[in-house]
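# Architecture and fold: a report
Residues per chain, in single letters:
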Amino acid sequence: MQELPDGIPTSRLEISAKAYRQNIRYIRSEIGPKPTISAVVKGNAYGHGIAQMVEIAERAGIRHFSTFSSDEAWLVRRHSTRKSEIMILGMLYDSELPDLIQAGISFYVFDFDRLQKAIQVSQDLGIAAKIHVELETGFHRTGFDWEDRAQLVSLLQEAKDYVILEGLCTHYAGAESVSNYVRVKNQIAVYYDFKNFLSENNLFFNRYHTACSAATLIFPETIMDMVRIGIAGYGFWPTKETFFAKLKDLPKANKNPLKRLITWKSQVMSVKKVEMGEFVGYGNSFMALKNMLLAIVPVGYGHGYSRLLSNSGLVLIGGKHCQVVGTVTMNAIAVDVSHVKDVQIADEVVMIGKQKGKEITVASFSESTQQVNYELLTRLPRDIPRRIID
């Protein structure tokens, strides 16, 4: 049977290795030479693609990756060429423990059920499990409670031959927002109470780590043996508040040291004239108030371009900002190109990124649609091809 072609997708993503290297240099300048940087690649590497980001990160000197789940961990392992360490922050199934332990992939334990199962599998295999003990310090999602400390100590001491205490960790409840300042400070205090109690009971860990991107940038006391860098590694400040908190410390010549990695491109599929008084697209959400020229772009909500951008989103064509008119459909948008000279079919369209000195940022999406950067990025479909550029 004749093999059929795959076809050409309607858009593509370009991922900048140069921008990533710049971001890692900036983060390293903030944390000093000793702490390990763990590149967080959950959510398909925040939409950038795990395969692409493992390659880019390892070329930039990263040797530690954090994933949420086991499927992401195995993807990292598959694409790693430098024998990087892998840590699972969240979901895994009991049935996977033997394979994970044999592969040396470390994972969080945040309740007695998972800890006891890990110990049992390690005993059966004769291989110690690499575990990160997560503490509940005030986030109230996962982690051992302060009231559990005596039982936790007892179990860890009994199992000392079957577990490697790879890390002692916690997660902060919104370090990116000043409104959470007191809560985060209290969490830091609880973490150290826990750490001191465990140390007094002769339980010591290879790495102490609590800092996400925001905590790394604005709570320097959270920079311990390792920092877990997610959104900042991809060139985004966790929030505007985080940026403003750092602004006074940034050099005048470089007030935004974090560089975006991602560019999202498509092309003009069709060019259409619309007369004054005509409605565009489904329903009557947009009526032309003058004679207009529209470009039809083959990207819609089925590709991660939100319907909430109807009549408000912007793209770049010919170096000009062009507004979406009418309702975003599953597979296409219409944009006003009346002010753009000589638009042609196959002209480049930029949904995120730069073109001729102009830029469409992910933040512009979140401001328009109330989505945060994280949400839009992780909604970019996995089947959009991602290409590394330098």
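Please read these numbers as outputs of a predicted model, since none were measured by experiment.

What counts and what doesn't
- Residues numbered from 1 in each chain as written.
- Predicted model: local features only at pLDDT ≥ 70, side-chain atom pairs only at ≥ 80, totals over all residues.
- Heavy atoms only, no water.
- Helix = DSSP H or I, 4+ residues; strand = E, 2+ residues; numbered from the N terminus.
- Buried < 20%, exposed > 50% of the residue type's maximum accessible area, 1.4 Å probe, protein only.
- Contact = heavy atoms within 4.5 Å.
- Arc of directions from axis to C-beta.
- 1 Å grid on protein atoms, 1.4 Å probe; cavity = no way out; pocket = protein on both sides within 12 Å on 5 of 7 lines; lining within 4 Å.
- Points joined across faces, edges and corners; volume = space filled by probe spheres on them.
- Nonpolar A, V, L, I, M, F, W, Y, C, P; charged D, E, K, R; others polar.

### Describing the side chain of His303
- Inspection of the secondary structure assignment puts His303 in the loop between strand E12 (292-297) and strand E13 (314-317).
- Residue classification places His303 among the buried residues on the basis of a relative accessible area of 15%.
- Not counting residues up to four positions away in its chain, the partners in contact with His303 are Thr10, Trp264, Pro298, Met330, Asn331, Leu380, Pro381 and Ile384.

### Notes on helix H4 (residues 70-79)
- Within H4, the full set of buried residues consists of Ser70, Glu72, Ala73 and Val76. Taken end-on, H4 shows its buried residues confined to a sector of 160°, consistent with a single buried face. Exposed positions of H4 whose direction lies more than 90 degrees from the buried face are Asp71 and Arg78.

### A word on empty space enclosed by the protein
- What the rule picks out here adds up to one cavity of 30 Å³ or more.
- What lines the largest cavity is Tyr20, Ala39, Val40, Val41, Met53, Ala57, Phe65, Ile229, Gly233 and Tyr234.
- The set of elements that each furnish at least two residues to the lining of the largest cavity consists of strand E2 (36-40) and helix H3 (50-59).
- In the lining of the largest cavity, the residues fall into nine nonpolar, one polar and no charged.

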